[in-house]
Amino acid sequence: MKSKKNQNYPVITIDGASGTGKGVVTHRIAKELNWNLLDSGALYRVLALAAEKYHISLDNAPALTKAADQLDVQFITNELGIPPRIILEREDVTDIIRSEQIGNAASKVGALPAVREALLDRQRAFLQYPGLVTDGRDMGTVIFPEANLKVFLIASPNIRAERRYNQLKAIGIHVNLDALVSELSERDKRDSERLHAPLKPAANALCIDTDFLTIQEVVNQIMTEAKKFL
Ligand code: DC
């Protein structure tokens, strides 16, 4: 690994598959603590979008790694604590990167070890004063193994697909629910079975089954644990 870990500030990692609620939970925790936020999936999604823009094939590891190294992406946060706007080369791509097509492409580029390595320092650079909450697949296992609190969110496939369906609908993306169930399961399989940094809970992670919990209940459980070291 080429980068050094910055251990000066506290970190909470929130990992899990798509539709487990990790995005919204991560935002709420970041807002409550007034900490920085890293949506690592957005980086993979933006890279997938850049690949599409520059006609880079999703199995061209050298070209994708170069694109990851040079990725001109910015996360613009505002003081209201609303999720950041995501800018690729001066274009606001916040909503278009949320499509399932880009999610699938992100999962494919994320399966390439050299791409993951290229995005490592960029992710660790988010660790700044006063602390960081991160959302992803390998936040607790690979990117921030020294995190103060590691959370792994779980939900059953149908509930996840339904949540995802509603999230997409809310931003004007209409999909077929059955197609979504199979796309998500294909994406999970790829994310969980890849050799490098697969989706899995860290050994000491707090695993929360979110099927029958509200977002606020999940947030409360995490905050209760966080208060033990804050
Ligand atoms: O969390 P998300 O749905 O935005 O992530 C999209 C894809 O990006 C996910 O299917 C796999 C990849 N990803 C990854 O490989 N590692 C991460 N830490 C985050 C996302």
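Cut-offs applied
- Residues numbered from 1 in each chain as written.
- Predicted model: local features only at pLDDT ≥ 70, side-chain atom pairs only at ≥ 80, totals over all residues.
- Heavy atoms only, no water.
- Near = heavy atom within 4 Å.
- Polar contact = N/O pair within 3.5 Å; in protein donor to acceptor, adjacent residues only side chain to side chain.
- Areas by Shrake-Rupley, 256 points an atom, 1.4 Å probe, with all protein chains shown as cover.
- Helix = DSSP H or I, 4+ residues; strand = E, 2+ residues; numbered from the N terminus.
- Nonpolar A, V, L, I, M, F, W, Y, C, P; charged D, E, K, R; others polar.
- Phe/Tyr/Trp six-rings, centres within 6.5 Å; stacked < 30°, edge-to-face > 60°.
- Buried < 20%, exposed > 50% of the residue type's maximum accessible area, 1.4 Å probe, protein only.
- Pairing = 2+ DSSP bridges.
- Axes fitted to C-alpha atoms, helices over the stretch in contact; angles between N-to-C directions.

A. Looking closely at the site of the ligand. Close to the ligand lie 17 residues; R45, R116, R137, R187 and D191 are nearest. One nitrogen or oxygen atom from the side chain of R45 is found 2.6 Å from an oxygen atom belonging to the ligand. Residue R116 places a side-chain N or O atom 2.7 Å away from an oxygen atom belonging to the ligand. Here the ligand, which alone exposes 440 Å², has 97% of that area covered by the protein. Counting residues per element, the shell around the ligand draws most heavily on helix α2 (residues 40-53), at four residues. Taken together, the residues of the shell around the ligand break down into three nonpolar, five polar and nine charged.

B. Inspection of the packing of aromatic side chains at higher detail. Evaluated as defined, the whole model comprises two aromatic pairs. Look at Y9 and Y129: their rings are 6.1 Å apart centre to centre, the planes differ by 75 degrees, and that puts the pair in the edge-to-face class. One end of the pair, Y9, is in the segment before β1 (11-16); the other, Y129, is in the loop between α6 (120-124) and β6 (132-136), and 120 residues separate them in sequence. Taking the relative accessible area as the measure of exposure, Y129 reaches 65% and is therefore exposed. With a centroid separation of 5.5 Å and 85 degrees between ring planes, the pair formed by F75 and F126 is classed as edge-to-face. With F75 in strand β3 (residues 73-76) and F126 in the loop between α6 and β6, this pair connects stretches of sequence that are 51 residues apart.

C. Quick peek at the sheet that holds β1. Strand order across the open sheet formed by five strands is β2-β6-β1-β7-β8, with parallel pairing between neighbours. At either end of the open sheet lies a strand with only one pairing partner, and these are β2 (36-39) and β8 (206-209). Shown here is a sheet whose adjacent strand axes are inclined to one another by a mean of 20 degrees, direction ignored. Bridging between β1 and strand β7 (residues 149-154) involves five bridges; their strand directions are parallel. Looking at the pairing, T13 lines up with K150 of β7.

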